[in-house]
Amino acid sequence: MAFFRSIAALSKLRSRVGQQSNIANSVRLLQTQTTSNLDLYSELKELIPEYQERVKKVKKDYGTVQLGNTTVDMVIGGMRGMTALLWLGSSVDPDEGIRFRGMTIPDCQKKLPAAIPGGEPMPEAILWLLLTGKIPSKQQVDSLSQELRSRATVPDYAFKTIDALPVSAHPMTQFATGVMALQTQSEFQKAYESGISKSRYWEPTYEDCMNLIARVPAVAAYVYRRIYKDGKIIPLDDSLDYGANYSHMLGFDDPKMLDFMRLYITIHSDHEGGNVSSHTAHLVASPLSDPYLAFAAALNGLAGPLHGLANQVINVGTLEVLRWIRSIVAEFGTPHISTDQLKDYVYKTLNSGQVIPGYGHGVLRKTDPRYTCQREFALKHLPDDPLFLLVSKLKEVVPPILTELGKVKNPWPNVDAHSGVLLNYFGLTEENYFTVLFGVSRSFGIAPQVCLAL
Ligand code: CMX
């Protein structure tokens, strides 16, 4: 897995390398200001020309500045630790985790509009933030919600293309196939063929991103209902926002699940550019492949067992975490086990040559804030759920044991240690589908890269 650093993350180096942070500040769109245009397109029409000029200036002023040394370890390790990419949407700090346009997850929870009082940030709000660097108002977010609904119609042939696959095909295969079928509607491809000027590439790219983001929940929900619910499809509800609608189309209408889906999409939307799916989209878009092609490629990367899929590999991912937790319950016949019993099980897993799923990270060196916000959600909404209590107990038991091993760089829980148990609580128990949820979320993080990187 590649874990290289982005220029967006350079401000952390301020004390060490002043000039590098100047570069980061120069290319970044103004962060976390409030914003005035009601629609996102108008907002971007103001921002993007200014941004394009700024990138040109950075190239001119800093083009020859070195960004670090490349070591053999970095190259063999999949560009790990290298500053090698301009990535605007987010940055991952080893100590504090993800920041979206400079905002931590708690910042986002505090400042981005929610669908319900005291609820989680709406995915529409993170999309606005990722694309503009500005905090939208509730009115802007509602308007974006409406816009996405109006773009959400999926052509029937996309469903028929999925239907051509055996129902036993992996959910990610069915999802990526549906996305490729949507590609026939690319506005960028049409505009390019008609000779659009380079400075306006972002406009049809933006159209494609918005259509893609609007349509993927229906495609993803179709895959779920086709495989697990006898093909009984639930249509989009015109009264619901993006995250709630996806949950509704999957068949889950518990208001808490609707809010969890909003949180899930928000926190999985982006994780800097070094992970396989984000980097793949960026790379595939670079020769002007349209956003559908770039996103489908990203999904194929996400479907790798060491990234999002994680179902054929014993060690990695949300899915495996849930399986491992279920195996603990199966071993003792109950989730209510003692700390000593849990310690024994953790040692048993390690002694059998496996890693502890949901713990450790390639970049992070502290507890993943995506874990923390899901834990807080669980404490608020399902404090007595037996599997949540088991997850909580693991957080006490696992880190000292991993630290004892002496080689684990990060003994703390990551995002995957929690999401499976929450989804399971709300009835989404089909683990093979989890990566599709991740894929829907990742369509958000890809938008700023392909719109702004041109
Ligand atoms: N349990 C046991 N051993 C672990 C471990 C864990 N959770 N995490 C790391 N180690 C071991 C590694 O296997 C490695 O051992 P060897 O030297 O014998 O090969 C050693 O500690 C050093 O590894 P590291 O530098 O700390 O971690 P890496 O960057 O190599 O790997 C990761 C990172 C996530 C693959 C690893 O921590 C792991 O396998 N964790 C469990 C799986 C998991 O939760 N994956 C989801 C990641 C979520 C995300 O990427 O966002």
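Within each chain, residues carry numbers counting from 1 in the order of the written sequence. Local features in a predicted model are, by the rule used here, given only for residues with pLDDT of at least 70; side-chain atom pairs are given and counted only at 80 or more, and totals for whole chains, interfaces and linings are based on all residues. For the side-chain quantities, the full set of heavy atoms in the structure was used; hydrogens and water were omitted.

- In the nomenclature of an unreviewed UniProt entry, the protein chain is known as Citrate synthase of Senna tora.

## Examining helix α11 (residues 242-250)
Step number 1: Summary of the burial criterion: residues with accessible area below 20% of their type's maximum are buried, those above 50% are exposed, and those between are partly exposed, where the area comes from a 1.4 Å probe applied to protein chains only. A run of H or I in DSSP becomes a helix once it reaches four residues, and a run of E becomes a strand once it reaches two; helices and strands are each numbered from the N terminus. A large share of α11 lies buried, amounting to nine of its nine residues.
Step number 2: Those residues of α11 not exposed but buried are Tyr242, Gly243, Ala244, Asn245, Tyr246, Ser247, His248, Met249 and Leu250.
Step number 3: Phi turns positive, to about 115 degrees, at Gly251, one or two residues after α11.

## Examining the environment of Asp142
Step number 1: Position of Asp142 among the secondary structure elements: in helix α6 (residues 138-150).
Step number 2: By relative accessible area, which is 33% here, Asp142 ends up partly exposed.
Step number 3: Through-space distance from the C-alpha of Asp142 to that of Met122 is 9.6 Å; in sequence the pair is 20 residues apart.

## A short note on the UniProt feature "active site" (unreviewed entry) in the protein chain
Step number 1: UniProt positions are given in the numbering used here, feature names are shortened, and annotations may be inferred rather than shown by experiment. In the numbering adopted here, UniProt assigns the feature "active site" (unreviewed entry) to His307, His361 and Asp416.
Step number 2: If you trace the backbone, His361 turns up in the loop between α16 (339-351) and α17 (369-381).
Step number 3: Residue contacts for His361: discarding those within four places in its chain leaves His271, Arg370, Asn410 and Asn414.
Step number 4: For His361, the side chain forms a polar contact with the main-chain nitrogen of Val363, separated by 2.9 Å. Here, residues are in contact when the closest pair of their heavy atoms is within 4.5 Å. Pairing of N or O atoms within 3.5 Å defines a polar contact, subject to two protein rules: one partner must be a possible hydrogen donor and the other a possible acceptor, and residues neighboring in sequence count only if both atoms are side-chain atoms.

## Section: the pattern of salt bridges
Step number 1: A pairing counts as a salt bridge when a side-chain nitrogen of Lys or Arg comes within 4 Å of a carboxyl oxygen of Asp or Glu. Overall, the coordinates contain 21 salt bridges when judged by the stated rule.
Step number 2: Across the pair Asp95 and Lys366 runs a salt bridge, and its minimum N-O distance is 3.9 Å. Of this pair, Asp95 sits in the loop between β4 (90-93) and β5 (97-100) while Lys366 sits in the loop between α16 and α17, placing them 271 residues apart in sequence.
Step number 3: The class of Asp95 is partly exposed, set by a relative accessible area of 47%.
Step number 4: For the salt bridge of Glu96 with Arg99, the shortest nitrogen-to-oxygen distance reads 2.4 Å.
Step number 5: You can call Arg99 partly exposed: its relative accessible area is 25%.

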